[in-house]
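# Residue-level structural notes
So the chains spell out like this:
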2 protein chains.
Amino acid sequence: MTALTPYLRLRARFSRIAALEEASSILHWDSSVVMPPKAAPARGEQMAALATAAHAILTDPATAVDLDAAEADAARLGAEDRANLALMRRKHRRATALSADLVEAMARATSACEAAWREARKASDFPAVAPLLAEVVRLVREQAAALSAATGLARYDSLLDGYQPGLTDSRLVALFGPLQAMLADVLPAALARQQAQPPPIPLPGPFPVEAQRALCRSVAERAGLDFSAARLDESTHPFCGGTPTDIRITTRYDESDPTQAILGVLHECGHALYEANLPKAFARNPLGEAAGMAVHESQSLIVEMQAARSDAFLSWLGPRMHAAFGGDPSPYAPENLARLWRRVRPGLIRVEADEVTYPAHIVLRWRLERALVLGDLAVTELPSAWNDGMRDLLGLAVPDDRRGCLQDIHWYDGAFGYFPSYTLGAMAAAQLFQAASADRPEITVALGQGSFAPLVAWLAERVHAHGAAHGLDGLLERATGRSLDPAAFERHLRARYLGE
Amino acid sequence: MTALTPYLRLRARFSRIAALEEASSILHWDSSVVMPPKAAPARGEQMAALATAAHAILTDPATAVDLDAAEADAARLGAEDRANLALMRRKHRRATALSADLVEAMARATSACEAAWREARKASDFPAVAPLLAEVVRLVREQAAALSAATGLARYDSLLDGYQPGLTDSRLVALFGPLQAMLADVLPAALARQQAQPPPIPLPGPFPVEAQRALCRSVAERAGLDFSAARLDESTHPFCGGTPTDIRITTRYDESDPTQAILGVLHECGHALYEANLPKAFARNPLGEAAGMAVHESQSLIVEMQAARSDAFLSWLGPRMHAAFGGDPSPYAPENLARLWRRVRPGLIRVEADEVTYPAHIVLRWRLERALVLGDLAVTELPSAWNDGMRDLLGLAVPDDRRGCLQDIHWYDGAFGYFPSYTLGAMAAAQLFQAASADRPEITVALGQGSFAPLVAWLAERVHAHGAAHGLDGLLERATGRSLDPAAFERHLRARYLGE
């Protein structure tokens, strides 16, 4: 490699790191979909070896030397390569901020805690997992302190930045305060309006898995998924993994209700199309990656929440569902599907929440995780703080920790600073969909014909093609003319739920 | 890792290498069984990154320092750890013998040659691939020279040693000369005896894939495969891959004949059981690996050729095949299955050969590859040398190169020195099966009841549990009381094909 410039050596090195991460992603799919059960311990060793190998390339002293040399000579690079180089530096800074001991301790602690959480959740036994969670929180605090020292960011910000680059807590305060006020207004009005309408007719069943599978596959193709570079399989926890030319979507089929499968597949298709359309010229380099988790979530939600639950698409989908499942056609009438799939109902479980109450679940987690990271909340106080929050935010009493602070894997797996991405993604999705629909009236027309092509083409050009070049705000400014603007989300909720 | 001894650091390092190789093995399964077609180029990058990462750990200067230190202190290790350390040195010596440039040139040349071979074979166009094969052969000669310098072995021996440690060409000369003489005697006698018997009734068809799949699965379970640590899938080229707790066997189903699927699955089960029973205490270290490719092949052939085609097992299998496929029971009579599955017929294609003529295919390849490696044969002369050899050895005229020197992938993929393993494996399988059957009469009884358990228990104790501690001869001496002894193979052929 002696003939290469430092920057080209870095490109080769980051390509190797990305290729190892791709291997991990395929092995993760394998673990979830096809792996025989006794292979789990060996798979853990394989995943750890892959992570260690990737980390070793990033933290190799030669990488630091080449980064310095490439930056000194950055004026000779084009704008995209300079942006790519800056993102390399960012990854290197975050990776080298953490000692090998801390990384290893974190891996061990989260692995033990996550395993205990699975049992604790089943038994609704928070005290059983609390000491392990306390150890994870202790290490997360250390991690935040180390990242803060290396990046100059505040501690909780340094964690947020890991999931959505540039995101800060002060921005969340500015967004989530007005959001809560708006929802306090919209939620009761939406419930009252819903009450005044006829209740939706439930979908009759059963829905044979084979018929659901065929429908989901055809809907995914409609959404733009290319099955010569993708698979659709089944797993307990649906996800979108794989690589841009080897997308691996999973779902699960419930014979009594096809809703989760159909809308879940569309959600994962949103993630998949983003990955598939990332800039090829920077494949396996930082600029060719997604722009962050909030942006990623905006792409799944624009497909699932904005496009797929639109009147236009439901008018196409309803008859296809009836053709697939037969029986009485009236539950498949678009207006009925709309009432069914846009039902607002405050509940205890985040992943079952409608889009009006979903933000309350996120605000609760944001408040609590910030307090945990900053040392303002002890792990032992988490259940009562959670239950108080649910009462405040949604007026609900939490009957047990299984339906309370044990419901989500994130914290038990060491992911602090991730939750806000869900709601930022929902807000960005509304903003992008409104801009796209105004820009290209044919988007709505096409959805009425079951085609996502014009929407996806617009997203590919305005969002996907930029890779990680811009943060959430920069991307939205370029795509819609404004940075993240909560007014779009409010307009969306008022239009869909209040008919305004 | 500062608190560890050099030897324990080496153990950890070889574990990481093995875990990366396990990841490659699962990705190879994925490529063959489930991967969408457009993912192939990215998969190539992933496999290369894994190989590079494993090679980097092995050739890291710290590994050499620890090897020297551990060897200086080896007296403090137990016998098994000393054997493990010696195998680590062996791997290190072979890996560091080749320059990074040569390894890369070899990877590039074999990848190009193998791709061209696929097309050339279809078109039976040897000249189309000859220049690429010439480049591979040129690099293999360089490789052999470098390995020879590092190991002190002769050039062709240094390649043989890569597949079956300790194997030399002089040993092959001593074995294959008498083998040819014996076969020149046995083959015409077997053909004459076969001629005097009634011809076998062909199996009627069609054989629905679903029924074949169920039968193969139950036969694999009978052979001892644990499906909570294994899978059975389909691929164009059947193989056994994966890891000891995550065995991945594949086969292919032909609706007109279930022979290949049933016997192929049993063959792969032989490989699988060896991997599954390797010593756990040295999992992911060199001592915990298989003892070489000839030994590996002996384990697949003892199941497929010795046990599964025995009168005892066929008397169990025949009625089960009839139950699975229905129709006229007479083709499934054990005597008919025996005539069908032990039919001797000289042919052009190695993978279709019976066990009497198979060694001739290997002798031909052994002669030619040795001459290619030593520079005694030019690539351009290969087709005529091949065709002359087929006439000498089996009296057959080769009508085209597709059925001649283009039939096997090995050389085009850079594998020189591998072919002899097949016939050494067949000889070792006969020797092991005779020793096991004499030692444990219940082995034959159990095969008559469809159970491989006593045979597998004997192999697990006498062969599998030793890992890579002994070479082919050392292992056979311990298991059977003698090193590789061609008399056992001759006894087997004379008993089965001449009724002696």
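Look a little higher up for the structure.
A brief report on the enclosed structure follows. (Residues numbered from 1 in each chain as written. Chains lettered and ligands numbered in written order. Predicted model: local features only at pLDDT ≥ 70, side-chain atom pairs only at ≥ 80, totals over all residues. Heavy atoms only, no water.)

### Re the overall build of chain A
Helix and strand counts for chain A come out as 20 helices and three strands. A total of 500 residues make up chain A; the buried ones form 53% of that total. If you take every contact in chain A between residues at least 6 apart in sequence, the share linking residues at least 24 apart comes to 72%. Each charge class in chain A was averaged separately, 50 positive and 59 negative side chains, and the resulting centres sit 2 Å apart. (Helix = DSSP H or I, 4+ residues; strand = E, 2+ residues; numbered from the N terminus. Buried < 20%, exposed > 50% of the residue type's maximum accessible area, 1.4 Å probe, protein only. Contact = heavy atoms within 4.5 Å. Lys, Arg positive; Asp, Glu negative; His and termini not counted. Charge placed at Lys NZ, Arg CZ, Asp CG, Glu CD.)

### Here's the deal with the pattern of salt bridges
All told, the structure shown has 78 salt bridges over all chains when counted by the stated rule. For R89 of chain B, the salt bridge goes to D68 of chain B, with nearest N and O atoms at 2.8 Å. Placement of R89 of chain B in helix α4 (residues 79–97) and of D68 of chain B in helix α3 (residues 61–72) is noted, with a sequence separation of 21 residues between them. With a relative accessible area of 17%, R89 of chain B lands in the buried category. Residue D68 of chain B is classed as partly exposed on the basis of its relative accessible area of 47%. R213 of chain B is the partner of E210 of chain B in a salt bridge, and the nearest nitrogen-oxygen pair spans 2.4 Å. One end of the pair, E210 of chain B, and the other, R213 of chain B, are both in helix α9 (residues 209–223), three residues apart, so they sit about a helical turn from each other. Overall, R213 of chain B belongs to the partly exposed group, its relative accessible area being 30%. Salt bridges linked by common partners bring D30 and R43 of chain A together with D246 and R248 of chain B together as one network. (Salt bridge = Lys/Arg side-chain N within 4 Å of Asp/Glu carboxyl O.)

### Section: α9 of chain B
Residue and element names in this part refer to chain B. Taking 1.5 Å as the rise per residue, α9 with 15 residues should run 21 Å; its terminal C-alpha atoms sit 21 Å apart, in good agreement. Inspection of α9 places A211, Q212, L215, C216, V219, A220 and A223 among the buried residues, and these make up the whole buried set. Angular distribution of buried residues about the axis of α9 spans 165°; they occupy a single face of the element. Of the residues one or two after α9, G224 is the one with positive phi, at around 110°. (Expected span 1.5 Å × (residues − 1). Arc of directions from axis to C-beta.)

### Remarks on the side chain of R342 of chain A
Residues and elements named next belong to chain A. By secondary structure assignment, the location of R342 is in the loop between α13 (334–341) and α14 (358–374). On the basis of relative accessibility, which here comes to 15%, the residue R342 falls in the buried class. Engagement of the side chain of R342 in a polar contact is seen with the side chain of D311, the distance being 2.6 Å. (Polar contact = N/O pair within 3.5 Å; in protein donor to acceptor, adjacent residues only side chain to side chain.)

### Digging into the interface of chain B and chain A
Taken together, the 34 residues of chain B in the interface contact 34 residues of chain A. When chain B packs against chain A, the two sides together hide about 2600 Å² of surface, and 61% of this comes from carbon and sulfur. For the pair chain B and chain A, the interface holds six salt bridges. Between D226 of chain A and K38 of chain B there is a salt bridge, with its nearest N and O atoms 2.6 Å apart. If you list the elements that add at least two residues to the side of chain B that touches chain A, you get α1 (6–33), α2 (40–59), β1 (230–234) and β3 (246–251) of chain B. When residues in the side of chain B that touches chain A are grouped by element, the largest group, nine residues, is from α1 of chain B. Residues of the side of chain B that touches chain A, tallied by class, amount to 18 nonpolar, five polar and eleven charged. (Buried area = accessible area lost by both parts, 1.4 Å probe. Nonpolar A, V, L, I, M, F, W, Y, C, P; charged D, E, K, R; others polar.)

### Considerations on the relation of the copies chain B and chain A
Once turned by 180° and shifted 0.0 Å along the axis, chain B lies on chain A with an RMSD of 0.0 Å. Here the copies are linked by what is in effect a two-fold axis. Identified as the residue of chain B closest to the rotation axis by C-alpha distance is A53 of chain B, at 3.1 Å. By residue overlap, the copies meet face to face through one surface: 100% of the interface positions of chain B are interface positions in chain A. (Least-squares fit on C-alpha atoms with pLDDT ≥ 70 in both.)

### Overview of the pairing of strand β3 (residues 246–251) of chain A
Residues and elements named next belong to chain A. In terms of burial, β3 is largely enclosed, as six of its six residues are buried. Alternating positions in β3 separate into two faces, D246, R248 and T250 on one and I247, I249 and T251 on the other, with burial throughout. Bridge count between strand β2 (residues 240–243) and β3: four bridges; the pairing is antiparallel. Its bridge partner being in β3, G242 is matched across the sheet by I247. Hairpin geometry of β2 and β3 is characterised by an intervening segment of two residues between the two adjacent antiparallel strands. (Pairing = 2+ DSSP bridges.)

### Description of unusual backbone geometry
Most peptide bonds take the trans configuration, and most residues that are not glycine carry a negative phi. Residues and elements named next belong to chain A. A cis geometry characterises the amide bond from G205 onward to P206, with omega recorded as -10°. One can find P206 in the loop between α8 (169–196) and α9 (209–223). Its identity is not glycine, yet R284 carries a phi of approximately 65°, on the positive side. Relative to the helices and strands, R284 is located in the loop between α10 (259–276) and α11 (293–307).

Coordinates in, geometry out; function isn't part of it.
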